[in-house]
Amino acid sequence: MAEKVVEKKSGNQKSGGGKKVVLVVILAVVVLAAVIAVLKLKKPAKMKDFESQVTTIDGIEIPEGTRIVALGEAAHGNKEFQELKLEVFQQLVEKTNVRALILEGDLGGCAIANKYIQGGEGTAEEATLHLGYTLYKTDEMCKLVQWMHDYNETAAEDDKVRLYGMDIQYDEDTVLYLEQFYQAVDETKYNDYSEKLTSIMGEAAEDFQASNYEAAVNLMDEIKGDIAANKDAYTEVVGAAEVEFAEYAAENLKFFASYRAKENCSNKARDTYMKTNVDWFLEVEEREHNGAVMISCHNGHMTRNHSSVATFLGTFLAEEYGDKYFAIGTDAYYSVTSLPKTSARDRIDRKFCSDDPIAYQVKDLPEDKYYVDFSKVDASSDLGKKINENIRTGSVGETDSIMYKFVKATYTIKYKPTDMYDAMIVYYDVEPIRVWTDK
């Protein structure tokens, strides 16, 4: 009897202990939720000296002797960051010897778009469709292409602007560029090479088979050899610049084949090839036009330090060109960003808060964005301290993730801005792009 009573009492104690555990868990969840709510409500401190140390976009000044100006974007899917490409390029064309814009876009496709920019047939909309990515099929990118075309209509020959694409992820438009080249210089060879290119490279990048790697390399070497052997004849038809670029396009298809077949589409391989292309474009611009270049890509590619798994291009360029490489990052405190849902064309809008204390300062100022040149900031000021601290800044890729809702580190990075950039352009809030879904 006593034993049974003891057992019953012990059971009651166990039950009571379980209730306590449940209460503790509930309390912990409530506390955690409260902490998260407080953190979300907590805003960065205002910097009283911010406005006096920044300027608007038309106040951009690039150090003399700069050879490469890099403009980043905290996310691909924002309207303002796409508009900024044109705004900054216009400033550089007006104030510096920059006459070439290099996009994080398809090499062959941008070359086709450049034909229109140089006065060729077609429309800005048709040219925009060749830039390499669905996210570039927007009114903002079309406006960029149109401005470059219209600028060239009245510019002197040695003052014209050019468009390049440094990426090697896709091959369709580079194949098309070579086909168009041969269609112009030799109809018989066009038929032959067009058939070979389709057979070996496929209709789209996803069709390329690793087993065709050697055949692809051999075909590109054959094309390069043919162009070299017939340079004079081809130059009479399309000009020296077109011949030189066609030969380099064939070399880029070797990059593409290696990236797909040998390097497992790695970020480092991709950025290594983009660096090679930037070097080549810069050499052409300096040799033929005495000009510097502007590159435009995601922040994750162009930062001076290894700030993300995709950060190699900017590091490579900073190491080689030193202070001749000028890196301008971007950010927004709040953003609504367009991201791929089921495909690059089927997209969804996601809301983000970067917690960037520098971008937050734009909130109550008259302009929508400001340019922060780190070399002109007083190191002892509030702003000076922040650009030299590890702070959170936005970094959203071209992918969607459920983790964005729960873990800020999945869409932000935490480094000293001065380690990443030479300057920044910051917004308080930015809106999503709207891609052309019917083209």
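See the structure above.
Residues numbered from 1 in each chain as written. Predicted model: local features only at pLDDT ≥ 70, side-chain atom pairs only at ≥ 80, totals over all residues. Heavy atoms only, no water.

Chemist: For the packing of helix H10 (residues 240-261) against helix H11 (residues 267-289), give the residues involved together with the corresponding values.
Modeler: One way to put it is that H10 packs onto H11 with a least axis distance of 10 Å and a crossing angle of 170 degrees. For the element pair H10 / H11, the angle class is roughly antiparallel. Of H11, the residues touching H10 (which contributes Glu244, Phe245, Tyr248, Asn252, Phe255, Ser258 and Tyr259) are Ala269, Arg270, Tyr273, Thr276, Asn277, Trp280, Phe281, Val284 and Arg287. In terms of residue class, the contact of H10 with H11 is made up of nine nonpolar, four polar and three charged. (Axes fitted to C-alpha atoms, helices over the stretch in contact; angles between N-to-C directions. Helix = DSSP H or I, 4+ residues; strand = E, 2+ residues; numbered from the N terminus. Parallel < 35°, antiparallel > 145°, perpendicular 65-115°, else oblique. Contact = heavy atoms within 4.5 Å. Nonpolar A, V, L, I, M, F, W, Y, C, P; charged D, E, K, R; others polar.)

Chemist: So, the nonpolar core: which residues are in play, and what are the values?
Modeler: Ranked by size, the top nonpolar core spans 83 residues in total, and within it Met201, Ile223 and Tyr325 carry the most contacts. In terms of residue count, the dominant contributor to this core is H10 (11 residues). Non-local contacts of Met201, meaning those with residues more than four positions away in its chain, are made with Asp171, Val175, Asp207, Phe208, Ala216, Met220, Leu253 and Phe256. The next biggest cluster of nonpolar side chains, apart from the first, holds 46 residues, and it includes Val88, Tyr116, Ala292 and Tyr371. (Core = buried A, V, L, I, M, F, W, Y, C linked by side-chain atoms within 4.5 Å. Buried < 20%, exposed > 50% of the residue type's maximum accessible area, 1.4 Å probe, protein only.)

Chemist: Before we move on, can you summarise the side chain of Thr393 with the specific residues and values?
Modeler: Within the secondary structure, Thr393 is located in strand S8 (residues 391-394). The class for Thr393 is buried, based on a relative accessible area of 3%. Filtering out sequence-adjacent residues up to four positions away, Thr393 remains in contact with Asp331, Ser354, Asp356, Tyr411, Thr412, Ile413 and Met420.

Chemist: Kindly report on the environment of Thr315, identifying the contributing residues and their values.
Modeler: Mapped onto the elements of the fold, Thr315 is located in helix H13 (residues 313-321). The buried category is assigned to Thr315, whose relative accessible area is 5%. The spatial distance from the C-alpha of Thr315 to the C-alpha of Lys386 is 22 Å, given a sequence separation of 71 residues. In this structure Thr315 touches Thr303, Arg304, Asn305 and His306, once residues within four positions along its chain are discounted.

Chemist: Quick rundown of the packing of aromatic side chains? Include the residues and the values.
Modeler: In this description, a pair of aromatic rings is defined by centroid distance and the angle of the planes. Following the criterion strictly, the structure yields 26 aromatic pairs and no others. On the basis of an interplanar angle of 75 degrees and a centroid distance of 5.8 Å, the ring pair of Tyr133 and Tyr136 is categorised as edge-to-face. When sorted by exposure, Tyr133 lands in the same class as Tyr136, which is buried. Plain terms: the ring middles of Phe245 and Trp280 are 6.0 Å apart, the flat faces sit at 70 degrees to each other, and that makes the pair edge-to-face. One end of the pair, Phe245, is in helix H10; the other, Trp280, is in helix H11, with 35 residues separating them in the sequence. (Phe/Tyr/Trp six-rings, centres within 6.5 Å; stacked < 30°, edge-to-face > 60°.)

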